[in-house]
Amino acid sequence: MNFYFIIGSNHFYLLNYGLLFIVFFFFGFYMIRLLIRIILYPFRILFYVYHKLTYYFTGERIVYIKIPSKFTYFEKTGIIKILTDKEEHNYFLFLLMLDKIGEEEKIKKVILEIPSLEALEWNQIEDIIKVIEKLREKGKVIHAYVEEGGIKTLLVASSSNFRYCGDWAQFITVLPHFEQFYLGDFFKNLGIQFDVFTAGKYKSAGEMYQRNKISPSAKENIIELIQDKRSEILKQFLKTPNMNQSDIKKIWNLFLNQSIVSATELFQLGFFHQFMDQVQLIDYVSENKSPFIPNEIEHNIQGQGDAIKKDKDQKYEEKTDKKIKVITQDQFLKMNYKKNYKLLPFITKPESIALVVMDGIILRGDEDDEAKSGTINAKGYIKIIEELKESKEKAVIIFVNSPGGMSDASEFLYQHIRKLSRIKPVYILQGNVAASGGYYISCAGNKIYAYNSTITGSIGVLRLRPTLYNLYKKLKINKSKLMFDKTTEIFSESSPLKKESKELLQKTTLDAYQIFLDRVARGRGKLIEQVKHFAEGRVYSSFRFKEAGLLDGITNFIDLIQIIKQELGIKKEKKVMLNFYPLVKFDLKEILNVKNLLTDNRIDILNRGLNIFKFLQKDLYISIDALNLYFEKWIK
């Protein structure tokens, strides 16, 4: 017994020494950091004086911004940014940068170069417009230049004070509409049959595989969505500065009757103020000229149809003020950095808010998966949610942009987000679409917000199972089955479903629907009977869901941050820090993967071939949720 007591004592002393070592190590590390700060502090004072003086003597500026035609919702780590040659623009950081321009008193005018924005999602268009409107409210004059695009591009341009383009420009003015293949007869001819199990009258995502035309309920739902979207677009156009309402309505009628509209037609109706290119525009704005300028341009060297420039020092007869310097986006950020440079940045740190981006189809994923762009793999995102429970962020924004996915994966995410929302406030911001599973996980947050353009709802469950029995028969393929139990053919594509299997699938579909209803009712503080009317699988525009009490508000990204600051008791003028989750991390294994040696087309062909091979080789259970098809492998 004494022997064991001595060992225990030694362990006790070792533990104490270990703790002392850790304490001294961290204390020493802190002291070294403090010493370095003290040594370098005189240099910081010099930098502070230099930045403040250079900012003070900076005169009025015009900032030139080119809106990216594509964005990413995800932020990359430093090493990934270095290794990636493709320039990517973070959507949220771009919005924050535009918002900062509104706070800068030395910026009086903004020149926006607007490329074709048709690849952007509607919520992104809405966010950009809202920030431009805020700039105008703060006294900034916005000059926009466009030369191609469509409705989305023109809609962003419409939020500017003055609009310009080249006289050669043409715009694709196709308004929101619907077109989809219906493959029921095609699959029937091939010998493929689909069994559909639904809970919700309007849950129609599987119709294209089973029917040869759209169903009346789906048609009703889609027409309502299109009408809502067109109405929203018209409302935004009606807010166009420096235009008569009657002329805007003429433009709208032009869009309704023509799918291609020329710049000349829009100029004649007053949408564009002048024809020019972006180089000329920079000169005009920086020389403080009126936007209503003569169309003739004088030149140093005369060509056919040109007017010769008579005076080198004056391009036009119109007298101009002193030229104002035009700066780029990067130069503006440097200017902003100088303005906000602090002597003691480590004394008061801003409060931080977590921004978790969930974009894509909702899948279960594997235990070792990390959260990444493209899909919402539940296993990877659960790790982030667990981390946020212990983090220092005061609140969490979860940006949900998803048409749905696997019901069990949605439930996993719902449970973990709900637990997080009992520790710190969780705000859901729904993106372009948050339907089915996207709305499911939204209900776990403390509050749900959406854009005007958000498509949401689709509260219902749909399962689709293919039967390839007739196809195999045509191809002379025979598949032997042994030890099949009463409903085992559910997981085999080679057998038609028996009555018991159909009943089981319908029962489990209804069970999943009841759980979905419970999560919605609980998340919104309502009874199941109160939400059931809106839970028939129908997809809604956000304002209709807001009226039903299934959303807390309609807002945008920048305004949501202000709402959160107000609810957290943070002063409006005080800065907050946004921490992005997930970060796109460096993965050497993925970079060295053999697939990266192939072109995208070859990878696509290989993937398609492998998918067909797997489909014929293994038993699959196929489900459809919301608007997407996914394959779920069952291991026996």
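Remember, it's a predicted structure, so these values are computed and weren't measured experimentally. (Residues numbered from 1 in each chain as written. Predicted model: local features only at pLDDT ≥ 70, side-chain atom pairs only at ≥ 80, totals over all residues. Heavy atoms only, no water.)

Trainee: Any chance you could explain a nonpolar patch on the surface here in plain terms?
Mentor: A cluster of nonpolar side chains, Ile45, Val49, Leu53, Tyr56 and Phe57, forms an exposed patch at the surface whose accessible area comes to about 540 Å². When you line up the elements, Tyr56 lands in helix α1 (residues 2–56). Look at Tyr56 and you get exposed, because its relative accessible area is 61%. (Patch = residues over 30% accessible without salt bridge, like charges linked within 9 Å, V, L, I, M, F, W, Y side chains within 5 Å. Areas by Shrake-Rupley, 256 points an atom, 1.4 Å probe, with all protein chains shown as cover. Salt bridge = Lys/Arg side-chain N within 4 Å of Asp/Glu carboxyl O. Helix = DSSP H or I, 4+ residues; strand = E, 2+ residues; numbered from the N terminus. Buried < 20%, exposed > 50% of the residue type's maximum accessible area, 1.4 Å probe, protein only.)

Trainee: Sorry, what's going on with the packing of helix α3 (residues 91–103) against helix α12 (residues 329–339) here?
Mentor: When two helices pack together, their arrangement is given by the angle between their axes and by how far apart the axes lie. Viewed as axis vectors pointing N to C, α3 and α12 meet at an angle of 60°, and their least axial separation amounts to 11 Å. As the angle between them shows, α3 and α12 are arranged oblique. Like other packed secondary-structure pairs, α3 and α12 cross with a definite hand, here left-handed. Here α3 contributes Phe94, Met97, Lys100, Ile101 and Glu103 to the contact with α12, which in turn contributes Gln329, Phe332, Leu333, Asn336 and Lys339. Partitioned by chemical class, the residues of the contact of α3 with α12 number five nonpolar, two polar and three charged. (Axes fitted to C-alpha atoms, helices over the stretch in contact; angles between N-to-C directions. Parallel < 35°, antiparallel > 145°, perpendicular 65-115°, else oblique. Left-handed = near helix turned anticlockwise from the far one by under 90°. Contact = heavy atoms within 4.5 Å. Nonpolar A, V, L, I, M, F, W, Y, C, P; charged D, E, K, R; others polar.)

Trainee: Any chance you could explain the packing of aromatic side chains here in plain terms?
Mentor: Each aromatic ring pair is summarised here by two numbers: the centre-to-centre distance and the angle between the ring planes. For the structure on display, the rule yields 25 aromatic pairs. Here Phe92 and Phe580 contribute two aromatic rings whose centre-to-centre distance is 6.4 Å and whose plane-to-plane angle is 50°, an arrangement assigned as tilted. With a gap of 488 residues between them, Phe92 in helix α3 and Phe580 in strand β23 (residues 576–581) connect regions that are remote in the sequence. According to the relative accessible area criterion, Phe92 is buried, its value standing at 0%. An aromatic cluster of three or more residues is present, and its members are Phe71, Tyr73, Tyr91, Phe92, Phe94, Phe399, Phe557 and Phe580. The ring of Phe271 has Arg163 sitting right over it, with the charged end atom 5.1 Å from the ring centre. Here the guanidinium or amino end of Lys379 rests over the ring plane of Phe412, the centre of that ring lying 5.2 Å away. (Phe/Tyr/Trp six-rings, centres within 6.5 Å; stacked < 30°, edge-to-face > 60°. Lys NZ or Arg CZ within 6 Å of the ring centre and 35° of its normal.)

Trainee: Just to check I follow, could you spell out the environment of Asp369 for this structure?
Mentor: Its location among the elements puts Asp369 in the loop between β14 (361–363) and β15 (375–377). Its relative accessible area of 24% is what places Asp369 among the partly exposed residues. With 14 residues separating them in the primary sequence, Asp369 and Lys383 have C-alpha atoms 9.5 Å apart. The contact partners of Asp369, leaving out residues within four places of it in the chain, are Asn377, Gly380 and Lys383.

Trainee: Whenever I open this one, the pairing of strand β18 (residues 447–450) confuses me. Can you help?
Mentor: Look at any regular strand and the pattern is simple: side chains alternate between the two faces of the sheet. One ladder, built from four bridges, connects strand β17 (residues 426–435) with β18; its direction is parallel. Within β18, the position partnered with Ile428 by the bridge is Ile448. Relative to strand β22 (residues 553–554), β18 runs parallel, the two sharing two bridges. Bridged to Ala450 within β22 is Ile554. (Pairing = 2+ DSSP bridges.)

Trainee: How should I be thinking about the nonpolar core in this particular structure?
Mentor: Nonpolar side chains in soluble globular proteins tend to be buried together. Formed by 122 residues in total, the largest nonpolar core has its most connected members in Ile101, Phe255, Met358, Leu413 and Phe557. Ignoring any residue separated from it by four or fewer positions in sequence, one finds Ile101 in contact with Val63, Ile65, Ile107, Val110, Leu135, Lys140 and Phe332. (Core = buried A, V, L, I, M, F, W, Y, C linked by side-chain atoms within 4.5 Å.)

Trainee: What am I meant to see in the environment of Leu468 here?
Mentor: Inspection of the secondary structure assignment puts Leu468 in the loop between β20 (461–467) and α16 (469–474). Exposure remark for Leu468: the relative accessible area of 1% places this residue in the buried category.

Trainee: So what exactly am I meant to see when it comes to the sheet that holds strand β4 (residues 141–146) here?
Mentor: Strand pairing in a sheet relies on backbone hydrogen bonds. The paired strands run either parallel or antiparallel. Strand order in the open sheet formed by six strands is β9-β5-β4-β3-β1-β12, with parallel pairing between adjacent strands. A strand with exactly one partner marks an edge of an open sheet, and here the two such strands are β9 (274–275) and β12 (325–328). With two bridges connecting them, strand β5 (residues 162–165) and β9 associate as parallel partners. Residue Cys165 lies in a different strand from β9, and its bridge partner there is Phe275.

Trainee: Is there a simple way to explain the side chain of Ser286 in this structure?
Mentor: The topology assignment puts Ser286 in helix α11 (residues 278–286). Among the residues examined, Ser286 registers a relative accessible area of 1% and is labelled buried. Here Ile282 takes part through its backbone oxygen, which lies 2.8 Å from a polar atom of the side chain of Ser286. Among the polar contacts listed, one links the side chain of Ser286 to the backbone oxygen of Asp283, at a separation of 3.1 Å. In this structure Ser286 touches Ile62, Lys322, Lys323, Ile324 and Val326, once residues within four positions along its chain are discounted. (Polar contact = N/O pair within 3.5 Å; in protein donor to acceptor, adjacent residues only side chain to side chain.)

Trainee: In this structure, what is going on with the pattern of salt bridges? I would like to understand it.
Mentor: Oppositely charged side chains are able to pair whenever their charged atoms sit close together. In total, this model carries 24 salt bridges according to the counting rule given. For Glu224, the salt bridge is made with Arg544, and the minimal N-O distance between the two is 3.8 Å. Of this pair, Glu224 sits in helix α8 (residues 216–237) while Arg544 sits in helix α19 (residues 542–547), and the two are 320 residues apart along the sequence. Taking relative accessible area as the criterion, Arg544 reaches 28% and is therefore assigned partly exposed. Here the salt bridges share partners, and the residues they tie into one network are Glu220, Glu224, Asp228, Arg538 and Arg544.

Trainee: In this structure, what is going on with α11? I would like to understand it.
Mentor: Residues spaced three or four apart along an α-helix point in a common direction, a consequence of the helix completing one turn every 3.6 residues. Turning to α11, its buried residues number three or more, namely Leu281, Tyr284, Val285 and Ser286. Buried positions along α11 lie against β1 (61–66), β3 (107–114), β4, β5 and β12. For α11, the N-terminal cap is Asp277; the gap from its side-chain oxygen to the backbone nitrogen of Val279 is 3.1 Å. Following α11 by one or two positions, Asn288 has its phi on the positive side, about 60°.

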